[in-house]
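# Summary of the model geometry
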Amino acid sequence: MSLKDWEKLAKSELKGASLENLIWHTPEGIDIKPFYTLQDLEGIGEISSLPGIFPYLRGPRATMYANKPWTLRQYAGFSTPEESNKFYRENLKAGQRGLSIAFDLPTHRGYDSDHPRVTGDVGKAGVAIDTVEDMKILFEGIPIDQISVSMTMNGAVIPIMAAFIVAAEEQGVKQEQLSGTIQNDILKEFMVRNTYIYPPEPSMRLVADVIEYTTHHMPKFNSISISGYHMHEAGATAVQELGFTLADGLEYVRVALARGLKIDDFAPRLSFFFGIGMNFFMEIAKLRAARILWAELMVPFSPKKAQSSMLRTHCQTSGISLTAQDPFNNIIRTTLEALAAVLGGTQSLHTNSYDEAIALPTPKSARVARNTQLILAHETGIPHVIDPLGGSYYVEALTRSLKEHARHLIEEVESLGGMTKAISEGMPKLRIEESAAKRQASLDLGEETIIGINKYVGEEEPIDILDIDATWVRERQIMRLHDIKKERDSGRVNQLLDSLTQAASEKGTNVMPLAIEAMRARATLGEVSTALEKVFTRYQAPTHTLQGIYGALYGAKRKDELEALRKRVNDFAKREGRRPRLMVAKLGQDGHDRGAKVIATAFADLGFDVDIGPLFQTPQEAAKQAIENDVHILGLSSQAAGHRVLVPQVISALKKEGAENILVICGGVIPPQDYNKLYEEGVAAIFGPGTPLFDAADKVLTLLERRAEMPA
C-alpha cells in the first residue's frame, strides 16, 4: 500500500475532513504529523551512527545500560544536617547509588541561618549548611570516596565547595578521590531560578574559579552541570530548554578557555541537566538531539579527546507537571517521564515524589519515587537494549526537527554576542515568560488537558505531608553557629576573610584556595559570601511584567467571558475612581518567580493595575510597598513552604500600619491542611496549583465588589 492509499483511507475515516485537522501544532513550533514513514528519514545521516561514537546520537557510551544502568539519584535535603543524613543513609540502603543534595534557600543565597532576612526559610526547601561542621554531619557514615555526590549550588558555590572539600579531608578522603558534580551554572539563575548573589560578571568569574580549581585538583569531579531543568520548570518549551542550555554551555567553555585551560583539560568533566515533561516522545528526542548538537558545537574547539565532545546528562522528572489535585496521578506522570529519560539515554535520574505540588516529600512518597526507577531498571527489560527507539520514523524525524529549531535559537543567541550578553538584554527570560503565559492560557482554555485539573476532576482526599518546623531548625542551627564561633580562633578567621576579599579584588587570583582555608578555620558560609560581596556587591534584578499574551489568547477563544470581566473591572473603576490594584510579592529567599510573573501577566491583561515586588522581600518590606502603592490586594506567591511564618508576619505588618483594608491572598504550593490556619490569620483567599487564572481574577474581583457594597 502506498502513502496515497493511506491518505485515501484516512480521509474516508475522517468523513471528508482535511488531514490537516490531525496535525498537532506543538508549543515548540514543530508540527507533528499523524503518520511517519521511511521518507521522513531522508537526509538524516546520523541514523547510521553507533553508540559511544561521534556524534553520540545513540548514547555517549558504547554499551550504555546493557553494561551499567543509569545512576539512581534522589534530590533531597531538608531540616537539619542530622535529619538529611539519616534520610540519605536509608536511601542508599534501599538501592540509591548517588547522592543529590538540596540546600535550603538561605544557603543558596549566601546567608547564615541567624540572618534576619531568613526567618521563614531555614531548612524548608533543603538542608541548612552554615559551616564545615554541618557538612561533616551531612556525610557522616557515608563513604564519599565511593559514592558520587551531586550538589545543586550556584550562588554560594565557593563556600559550599570549600566546606565539602574540608569535610571530606577531615573524614580522611582526599579531594582527588571525590567524584560527583557541583551545579555551578549561574547563567540560568539570572534567567529563571534567581538564587544568585553577585552580578553576572563576577559570578562568571567564580564559575571559572571552580572549573580551574577542580581541573587541577579534583580530576574525578564534574566542575559544572549546565542546567535546562529550571528553564523547563519556568515554562520553557523543549526547543528553548535545549537551545538556551547548550548556549550556556558554549559560554562556559569560552570562560574556561580564557583562563588558559585547554579544551581537553576540562570539557570531559562538563555535564548537563535536563527536565523531563509529559510530551513523551518530545523529551526522548530532546536528549538525543542534545547529544548531536553538543558534539557539533564542540568541533570548532578542536578537541582531541572523544570525551570532550560527549554530552553526558542528569535528568529530573518535571515538578511543573505535578498537581496538588488527585496527587496519586503524579505517580503515573513521574513514571512516564522517567521512562522517557531512560529511553532518551540519560546517565543519571531523579524521580519526583507524588506529593511535591503540596509539600516536601515524605519518606513514603520518596520511596515510591525511588522504586519507580528500580522497577524500570530491574523489571522491564529496557536496559538490555541500547537506544531501543533508534530508527523509529517518528523519533528520528522529531530528533532532527528539535535539533534544527534549537540550532536556530543558539545562532540567535550567538548573534547577540553570547549568552551573557543575551541575558543582560533580557532575551532568554522574555522568551521563556512568553511561553509560560501561553501555556497558562492554553490550560485555562482547556486546550491542553491535565487530568484532575481541567478534565475528569474528582473529589480530593487529604494526604499526609512532611511538616518542617522552621523555627526549631533555625534555633538549632543558631546554637551550633554560636558554639563554633565561640570555640574558633576569630582573629585567624578574620585575617583569612580579609585575604579572601583582597583576592576577590585581584583579577588573576583564584579565590578557591583561600575559601578552603577560611572554611577550615571555621568561617561560616555567610562570612565567606560577605567577604566576596564587599568587592562584587549583591545583585538586585530589575522587575518587569509581560502584557498582552494571556489576554490575546484567552480572548480569541472566549471573547464574551473576557469582555464581561473587563466590563466589571471598568465598572469598579467608575465607582471607586481607579482600577482594582494588585501587588504580587515573593517573600523570603525563594527565587522561583514563574507563578508570580504569570499571575501578574494574566491579571494585567484582564484589566487590573498590577505591581510586582522585587524578589527576596521581607514581610515588612512587602507590606510597606503595598501601602505606599495604595493597592487593594496583596498577592503572596509561595513555593518553598515558608507561608506559615511569612504570611502572618505580612498581615501583622499591615495591621501595625493601619492597612487592614488591603486584602491578602495567597497562591502556590500550600498544603490544604494549612488553609484554615491562614484564613484564621486573615487571608482572604487561597489559590492552589492548577487554579485557572481567569477564575482567580473573577473571585478576587468579587471579593472587592462585595467589600465595596458593605456599609462603611
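As a reminder, the structure under discussion sits directly above these lines.
A brief structural summary. Note that the structure is predicted; figures quoted are calculated from it, not measured.

So, about the environment of Leu261. Turning to its location among the elements, Leu261 is positioned in the loop between helix 10 (238-258) and helix 11 (263-266). Taking relative accessible area as the criterion, Leu261 reaches 7% and is therefore assigned buried. In sequence terms Leu261 and Gly668 are 407 residues apart; their C-alpha atoms lie 44 Å from each other. Setting aside chain neighbours within four positions, we find Leu261 in contact with Ile211, Glu212, Thr215, His216, Ala256 and Phe266.

Attention shifts here to the nonpolar core. The tendency in soluble globular proteins is for nonpolar side chains to be buried side by side. Counting 78 residues, the largest nonpolar core has Leu246, Phe266, Trp294 and Met419 as its most contacted members. Dropping the residues within four chain positions of it, Phe266 is found in contact with Ile211, Thr215, Val253, Ala256, Leu257 and Leu261. In terms of nonpolar packing, the next biggest core, distinct from the first, is built from 59 residues, Phe139, Ile144, Val166 and Leu525 among them.

With that settled, consider the pattern of salt bridges. In the structure shown here, the tally under the stated rule is 46 salt bridges. Among the salt bridges present, the one from Arg193 reaches Glu189, with a minimum N-O distance of 3.1 Å. Taken together, the residues span about one helical turn, with Arg193 and Glu189 both in helix 7 (residues 187-193) at a distance of four residues. Accessibility expressed as a relative area gives 5% for Arg193, which makes it buried. We note a salt bridge from Arg568 to Glu705, for which the minimum N-O separation is 2.9 Å. Of this pair, Arg568 sits in helix 23 (residues 559-576) while Glu705 is found in helix 28 (residues 693-709), placing the two residues 137 residues apart along the sequence. Counted as one network, the salt bridges with shared partners bring together Glu46, Glu296, Lys403 and Arg407.

What the second largest pocket holds in volume is close to 1,400 Å³. Looking at the second largest pocket, it is lined by 43 residues, and the ones nearest its centre are Pro27, Glu28, Asn279, Arg439 and Glu448. Secondary structure elements with two or more residues in the lining of the second largest pocket: strand 1 (24-25), helix 10, helix 12 (280-298), helix 13 (329-344), helix 15 (393-415), helix 17 (427-444) and helix 22 (549-557). Considering each element in turn, the lining of the second largest pocket owes the most residues, seven residues, to helix 17. Residue classes in the lining of the second largest pocket are distributed as 16 nonpolar, 16 polar and 11 charged.

The next point concerns the sheet that holds strand 15 (residues 663-668). Sheet strands pair by backbone hydrogen bonding; their relative direction is either parallel or antiparallel. Pairing in this open sheet of five strands is parallel, and the strands run 13-12-14-15-16 from one edge to the other. Two strands lie at the open edges of the sheet, namely strand 13 (609-612) and strand 16 (685-687), each paired on one side alone. Averaged over all neighbouring strand pairs, the angle between strand axes comes to 20°, with direction disregarded. Here three bridges tie strand 15 to strand 16, and the two strands are oriented parallel to one another. The residue bridging Gly667 from the neighbouring strand is Phe687, located in strand 16. Against the sheet, helix 25 (residues 619-628) touches strand 12 (581-586), strand 13 and strand 14 (633-638), its axis set at about 165° to strand 12. Here helix 28 sits on the sheet and contacts strand 14, strand 15 and strand 16; the angle it forms with strand 16, its principal contact strand, is near 175°.

Further remarks concern a negative patch on the surface. Judged by side-chain charge, Asp560, Glu561, Glu563 and Asp695 come together as a negatively charged surface patch. The element that contributes the greatest number of residues to the negative patch is helix 23, accounting for three residues. Of note, Asp560 is situated in helix 23.

This brings us to the packing of aromatic side chains. Applying the stated criterion across every chain, the model contains 21 aromatic pairs. With centroids separated by 6.0 Å and ring planes inclined at 85°, the aromatic side chains of Tyr196 and Phe616 adopt a geometry described as edge-to-face. With Tyr196 in the loop between helix 7 and helix 8 (200-217) and Phe616 in the loop between strand 13 and helix 25, this pair connects stretches of sequence that are 420 residues apart. Here Tyr196 and Phe616 have matching classes, each one buried. For the ring pair Phe328 and Tyr354, a centre distance of 5.0 Å and an interplane angle of 40° mean the geometry is tilted. Taken together, the positions of Phe328 in the loop between strand 10 (313-317) and helix 13 and Tyr354 in the loop between strand 11 (348-350) and helix 14 (363-378) put the pair 26 residues apart, joining distant regions of the chain. What makes Phe328 partly exposed here is its relative accessible area of 44%.

About the cut-offs
- Residues numbered from 1 in each chain as written.
- Predicted model: local features only at pLDDT ≥ 70, side-chain atom pairs only at ≥ 80, totals over all residues.
- Heavy atoms only, no water.
- Helix = DSSP H or I, 4+ residues; strand = E, 2+ residues; numbered from the N terminus.
- Buried < 20%, exposed > 50% of the residue type's maximum accessible area, 1.4 Å probe, protein only.
- Contact = heavy atoms within 4.5 Å.
- Core = buried A, V, L, I, M, F, W, Y, C linked by side-chain atoms within 4.5 Å.
- Salt bridge = Lys/Arg side-chain N within 4 Å of Asp/Glu carboxyl O.
- 1 Å grid on protein atoms, 1.4 Å probe; cavity = no way out; pocket = protein on both sides within 12 Å on 5 of 7 lines; lining within 4 Å.
- Points joined across faces, edges and corners; volume = space filled by probe spheres on them.
- Nonpolar A, V, L, I, M, F, W, Y, C, P; charged D, E, K, R; others polar.
- Pairing = 2+ DSSP bridges.
- Axes fitted to C-alpha atoms, helices over the stretch in contact; angles between N-to-C directions.
- Patch = residues over 30% accessible without salt bridge, like charges linked within 9 Å, V, L, I, M, F, W, Y side chains within 5 Å.
- Areas by Shrake-Rupley, 256 points an atom, 1.4 Å probe, with all protein chains shown as cover.
- Lys, Arg positive; Asp, Glu negative; His and termini not counted.
- Charge placed at Lys NZ, Arg CZ, Asp CG, Glu CD.
- Phe/Tyr/Trp six-rings, centres within 6.5 Å; stacked < 30°, edge-to-face > 60°.

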